[in-house]
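# Fold and geometry: a report
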Amino acid sequence: MKYILALDQGTTSSRAILFDRSGRPAAVAQQEFRQIFPQPGWVEHDANEIWASQLAVARQVLQQSGSAQVEAIGIANQRETTLLWDRKTGRPLANAIVWQDRRTAARCDELRKLGKAELIQQKTGLILDSYFSGTKLQWLLDKIPGARARAKKGELAFGTVDSWLIWNLTGGRIHATDASNASRTLLFNLHTLQWDDELLRIFDVPRSVLPEVVPSSGLVGATDVGLFGVLIPIAGVAGDQQAATFGQACFSPGMAKNTYGTGCFMLMNTGTRAVASRNRLLATVGWCGPPSVGQRTAYCLEGSVFMAGATIQWLRDGLQMIQSAPEVEALARLVPDTGDVYLVPAFTGLGAPDWDSYARGTLVGLSRGTTRAHIARAALEAIALQVGDVFAAMALDSGIALKELRVDGGACRNDLLMQMQADYLGVPVVRPQITETTALGAAYLAGLATGFWTDASVISEQWCVERRFEPRMSTAERSFKQLRWREAVKRSRAWAL
Ligand code: ADP
């Protein structure tokens, strides 16, 4: 067999990539799908569109290679996005509630008032926030007439996007998730690696809706023969950010990466121990297995930023300032600085380290001389400055001062952004040759399970630098920018009603 097929089901698009044994992409297909915004703060996807787009791109790349040349499938998926479907018909009961959706912020406040936040953080490693699946699932069970009663009777299945894809790929035979995805639900105990009855009671979720937890690297099941003409084993599953950490070969404790996609997600491998954050980061499962990577379960510390590349999408679609995301770079380069303009992209609240569901997007420092170029530049700076906040929190939590940062994701192609990032971190930013590390990580997880790759050292050797961005900004300038940025962040807070 020549290839592993990676399915990368992202927030804005579904991708399928065939990787060969050298870890290089041999075929790629991608399809965007609809973002649904029913009211301010709400974000939904049509579950059927997620599946249809993922299936279409998988078929496209398989047509190029021939299905018989594919050894296994690895899945990486947008995380936390919550789906509920009928086990008999496979029909979703509602649109998927996307991770960015804030509709359950008030429920999180209630739970906080009841004093549950500490217990939840201790058990799950997560901050009590509407970002995660727990309150989203509770919302679906509460609001869809008859849903909880049907769930109790075992008629309904809950899943994050990985479970939804596995269910559909296996013709409804397998209802499973992996520990990295389960660890984002608020229902999963990070230490025992099992669903937790006390958490299930808090969120009023019946056990009967839950998927079985399987290793991130190992055989899950085979695809339904009708889909691709042959049976292909599914052998790798991980949340997209954990998959990217794996794809960046961050196998040893202290190694970290940052992904610039819809949001930004910095993850640091903390080894076989979940580090309890004191600086409002998350502890999360990195991956479970394979033994060839030297750790049964690897944990990570994570800083999640909700709006990164999505800020650029907003310049494109909301303001129609540019026609495509890459154009932002040339526009921002028209000016040497932002003219003291700051854009705080709290469009869906703030994630790490501020965690404010009620913050909203804020543009400050406008003057008569402000142009589109200043705003475009401020949008890029905002991405780099948010990552800077997370980077600082991570150093405090881990006690490790990172010497460089590995980067990936769609927006890391932007050289200006990467230079800003090096400047605001004060350490080099390193871009690998393969920036599709999310898909690559899913492929590695699957290929290590089947023996397509023998062990982690082979993968570490495949990782190569494409470009290093060295910091050029003076410490004084960096400190001043960070101070102004934190001032702007303050002004975005507690705005939504
Ligand atoms: P996801 O997996 O979250 O869907 P991707 O990794 O595909 O995201 O990255 C796409 C995001 O990156 C989009 O939000 C897009 O606006 C942004 N993006 C893509 N290219 C650039 C660029 N050259 N400069 C800035 N942002 C970009």
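Residues numbered from 1 in each chain as written. Predicted model: local features only at pLDDT ≥ 70, side-chain atom pairs only at ≥ 80, totals over all residues. Heavy atoms only, no water.

### Quick look at the pairing of strand S1 (residues 3-9)
Counting buried positions along S1 gives 7 out of 7 residues, so the element sits mostly inside the fold. Residue alternation in S1 divides its side chains into two sets, Tyr3, Leu5, Leu7 and Gln9 and Ile4, Ala6 and Asp8, and both sets are buried. Pairing between S1 and strand S5 (residues 70-77): 7 bridges, direction parallel. Counted as the bridge partner of glutamine 9 is asparagine 77 from S5. Direction of pairing for S1 relative to strand S2 (residues 13-19): antiparallel, over a ladder of 6 bridges. Paired with leucine 5 across the bridge in S2 is leucine 18. (Buried < 20%, exposed > 50% of the residue type's maximum accessible area, 1.4 Å probe, protein only. Helix = DSSP H or I, 4+ residues; strand = E, 2+ residues; numbered from the N terminus. Pairing = 2+ DSSP bridges.)

### A closer look at the packing of helix H13 (residues 372-398) against helix H17 (residues 475-492)
At a closest axis distance of 11 Å, the pairing of H13 and H17 adopts a crossing angle of 95°. Classified by the interaxial angle, the pair formed by H13 and H17 is roughly perpendicular. Contacts from Glu381, Ala382, Leu385, Gln386 and Asp389 of H13 reach H17 at Lys481, Gln482, Trp485 and Arg486. In the contact of H13 with H17, the residues fall into 3 nonpolar, 2 polar and 4 charged. (Axes fitted to C-alpha atoms, helices over the stretch in contact; angles between N-to-C directions. Parallel < 35°, antiparallel > 145°, perpendicular 65-115°, else oblique. Contact = heavy atoms within 4.5 Å. Nonpolar A, V, L, I, M, F, W, Y, C, P; charged D, E, K, R; others polar.)

### Quick notes on the sheet that holds strand S14 (residues 233-239)
Sheet architecture is open: 6 strands sit in the order S3-S2-S1-S5-S14-S13, paired in mixed fashion. The two strands at the open ends of the sheet, each matched to only one other strand, are strand S3 (25-32) and strand S13 (217-222). Geometrically, the sheet is characterised by an average inter-axis angle of 25° between neighbouring strands, direction not taken into account. The strands touched by helix H15 (residues 437-450) are S1, S2, S5, S13 and S14; relative to S5, the strand with the most contacts, the crossing angle is about 135°.

### Side note on H15
It helps to recall that an α-helix has 3.6 residues per turn; residues three or four apart then point in one direction. Counted at 1.5 Å a residue, the expected span for H15 with its 14 residues is 20 Å, and the 20 Å between its end C-alpha atoms agrees. Burial of H15 is extensive: 12 of the 14 residues sit out of reach of the surface. Those residues of H15 that sit buried are Thr437, Thr438, Ala439, Leu440, Gly441, Ala442, Ala443, Tyr444, Leu445, Ala446, Gly447 and Leu448. In the segment just after H15, glycine 451 is the residue with positive phi, at about 90°. (Expected span 1.5 Å × (residues − 1).)

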